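What follows is the residue order along each chain.
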Amino acid sequence: MEKKEWYLEYKIHKNRPGLLGDISSLLGMLGINIVTINGVEDMRRGMLLLSENDEQIERFRTILDTVDNITVTKIREPKLRDRLAIRHGHYIERDNDEKNTFRFVRDELGILVDFMAELFKVGGNRLIGIRGMPRVGKTESVVAASVCANKRWSFISSTLLRQTVRSQLADDELTDDHIYIIDGIVSTMRATEKHRTLVRDIMRLSATKVIEHPDIFVRETEYSIEDFDYIIELRNDDSEVITYDIVDSGFSSFDIS
């Protein structure tokens, strides 16, 4: 029988000596293997488990529910966020109101790059938006994630080094395996009609598109925020407010973003 992976997360109320050993021993007696283990938040521990059947996991959970020192918070087939929490020892924050919105701060660039790389590896027709103030690391993170995912990328519009506005692509750039990076401000407010035509063509491709400043892109095009599969927010710190008040048709600090 093929073994199945599970993600277990529990909160520790009293971290007595030997607690992890007791849980590991219990898993061993039930025939459940530990693949990876790590702390994922303060007083929380996550485990990636491997079991032969669901009954083993149910028995394990029933026993854990009788343990006073811990509370099981998650036991499920592992999601991408679970795997990254195990890998980095930190859980990705998700907006409670917008389930497809994930928040990062600059100190978490490593996990952000890893997160996007996993999305890029899946491929297919995906639309990803990334919000953030100028010089916070948006474009650099997208490029780094493309490298990690072993994907080619093309700037359709950008202000990373100088303002880039493409009006055509080479034949080898028009593939489903490409990552297309579009600056929502440059493409909608500072580009020619020929460039906008190219953007419309790319949006129809069955490939991954990353839109920086998705709110401006939505405001100036026929697309809506609901068309995005994921929205990523990157801030310098938790207190920073992402605002586009200074954006207009002329020069602003968003010209170097």
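Since we're looking at a predicted model, the values are computed, not measured.

Caption draft 1: Molecular detail of helix H3 (residues 80-88). Along H3, the residues classified as buried are Arg81, Asp82, Leu84, Ala85 and Ile86. Positive backbone phi, approximately 70°, marks Gly89, located one or two places after H3.

Caption draft 2: Region of interest: the side chain of Arg131. Note on placement: Arg131 falls in strand S7 (residues 126-131). What makes Arg131 buried here is its relative accessible area of 9%. Aside from chain neighbours lying at most four places away, what touches Arg131 is Glu98, Thr101, Lys138, Pro214, Asp215, Ile225, Ile231, Ile232, Glu233, Leu234, Ile242 and Tyr244.

Caption draft 3: Just the pairing of S7, in detail. Of all six residues that make up S7, six are buried, and the element is covered over most of its length. Of the pairings in the sheet, the one linking S7 to strand S12 (residues 208-212) comprises five bridges and is parallel in character. Directly across from Ile130, in S12, lies its bridge partner Glu212. Sheet analysis places S7 next to strand S13 (residues 230-235), joined by four bridges and oriented parallel. Across the sheet, Ile130 pairs through a bridge with Ile232, a residue of S13.

Caption draft 4: Here's a closer look at the packing of helix H4 (residues 109-122) against helix H5 (residues 138-148). Two elements in contact, H4 and H5, have axes separated by 8 Å at closest approach and are oriented at 55°. In this view, H4 runs oblique relative to H5, as classed from their interaxial angle. Read as a crossing pair, H4 and H5 show a hand that is right-handed. The segment H4 lies against H5, with Leu109, Leu112, Val113, Met116, Ala117, Phe120 and Lys121 engaging Ser141, Val142, Ala144, Ala145, Ser146 and Cys148. By residue class, the composition of the contact of H4 with H5 is ten nonpolar, two polar and one charged.

Caption draft 5: Representation of the packing of aromatic side chains in the model. By the definition in use, this model includes five aromatic pairs. A centroid spacing of 5.8 Å and a plane angle of 40° characterise the contact between Phe104 and Phe115, whose relative ring orientation is tilted. Pair noted here: Phe104 is in strand S6 (residues 101-105) and Phe115 is in helix H4, with a separation of eleven residues, a long-range link. For the pair formed by Phe104 and Phe115, the shared burial category is buried.

Caption draft 6: Up close: the confidence of the model for the protein. A residue-level look at the protein finds 94% of positions with pLDDT of 70 or above and a mean pLDDT of 89. Mean pLDDT in the protein bottoms out at strand S5 (residues 93-94), which sits at 82, and peaks at S12, which reaches 97.

Caption draft 7: Inspection of the pattern of salt bridges at higher detail. Counted according to the given criterion, the structure contains 21 salt bridges. Here Lys4 and Asp54 are joined by a salt bridge, their closest N and O atoms 3.5 Å apart. Residue Lys4 is found in strand S1 (residues 4-12), and its partner Asp54 is found in helix H2 (residues 54-64); the two are separated by 50 residues along the sequence. For Asp54, a relative accessible area of 41% puts it in the partly exposed group. For the salt bridge of Glu220 with Arg219, the shortest nitrogen-to-oxygen distance reads 2.9 Å. Sharing partners across several salt bridges, the network here consists of Glu93, Arg103, Arg131, Asp215, Glu233 and Arg235.

Caption draft 8: Region of the structure containing the sheet that holds strand S4 (residues 70-76). Across the sheet, four strands lie side by side as S2-S3-S1-S4; this open sheet has antiparallel pairing. Of all the strands in the sheet, the pair left with one neighbour each is strand S2 (33-41) and S4. Adjacent strand axes in the sheet meet at a mean angle of 20° when their direction is disregarded. Helix H1 (residues 19-29) contacts S1, S2, strand S3 (44-51) and S4 of the sheet and is inclined by roughly 15° relative to S3.

Caption draft 9: Structural detail: H4. For H4, built from 14 residues, the straight-helix expectation of 20 Å at 1.5 Å per residue is met to within 8% by its first-to-last C-alpha distance of 20 Å. Among all positions of H4, only Ile111, Leu112, Val113, Asp114, Phe115, Met116, Ala117, Leu119 and Phe120 are buried.

Caption draft 10: Seen up close, the pairing of S12. Burial analysis of S12 places five of its five residues in the buried class, the great majority of the element. On S12, burial covers both faces: Thr208, Val210 and Glu212 on one face and Lys209 and Ile211 on the other are all buried. As paired elements, strand S11 (residues 178-183) and S12 share five bridges and run parallel to each other. Residue pairing across strands places Asp183 opposite Glu212, the latter belonging to S12.

Caption draft 11: Layout of the nonpolar core. The biggest cluster of nonpolar side chains holds 24 residues, and the ones touching the most others in it are Ile92, Phe104, Phe115, Met116, Phe120, Val210 and Ile232. Going through the elements one at a time, S6, H4, S7, H5, S11 and S13 are the ones with two or more residues in this core. Here the element with the most residues in this core is H4; it accounts for eight residues. What Ile92 contacts, discounting residues up to four positions off in sequence, is Arg81, Leu84, Phe102, Phe104, Ile111 and Phe115.

About the thresholds
- Residues numbered from 1 in each chain as written.
- Predicted model: local features only at pLDDT ≥ 70, side-chain atom pairs only at ≥ 80, totals over all residues.
- Heavy atoms only, no water.
- Buried < 20%, exposed > 50% of the residue type's maximum accessible area, 1.4 Å probe, protein only.
- Helix = DSSP H or I, 4+ residues; strand = E, 2+ residues; numbered from the N terminus.
- Contact = heavy atoms within 4.5 Å.
- Pairing = 2+ DSSP bridges.
- Axes fitted to C-alpha atoms, helices over the stretch in contact; angles between N-to-C directions.
- Parallel < 35°, antiparallel > 145°, perpendicular 65-115°, else oblique.
- Left-handed = near helix turned anticlockwise from the far one by under 90°.
- Nonpolar A, V, L, I, M, F, W, Y, C, P; charged D, E, K, R; others polar.
- Phe/Tyr/Trp six-rings, centres within 6.5 Å; stacked < 30°, edge-to-face > 60°.
- pLDDT = per-residue confidence, 0-100.
- Salt bridge = Lys/Arg side-chain N within 4 Å of Asp/Glu carboxyl O.
- Expected span 1.5 Å × (residues − 1).
- Core = buried A, V, L, I, M, F, W, Y, C linked by side-chain atoms within 4.5 Å.

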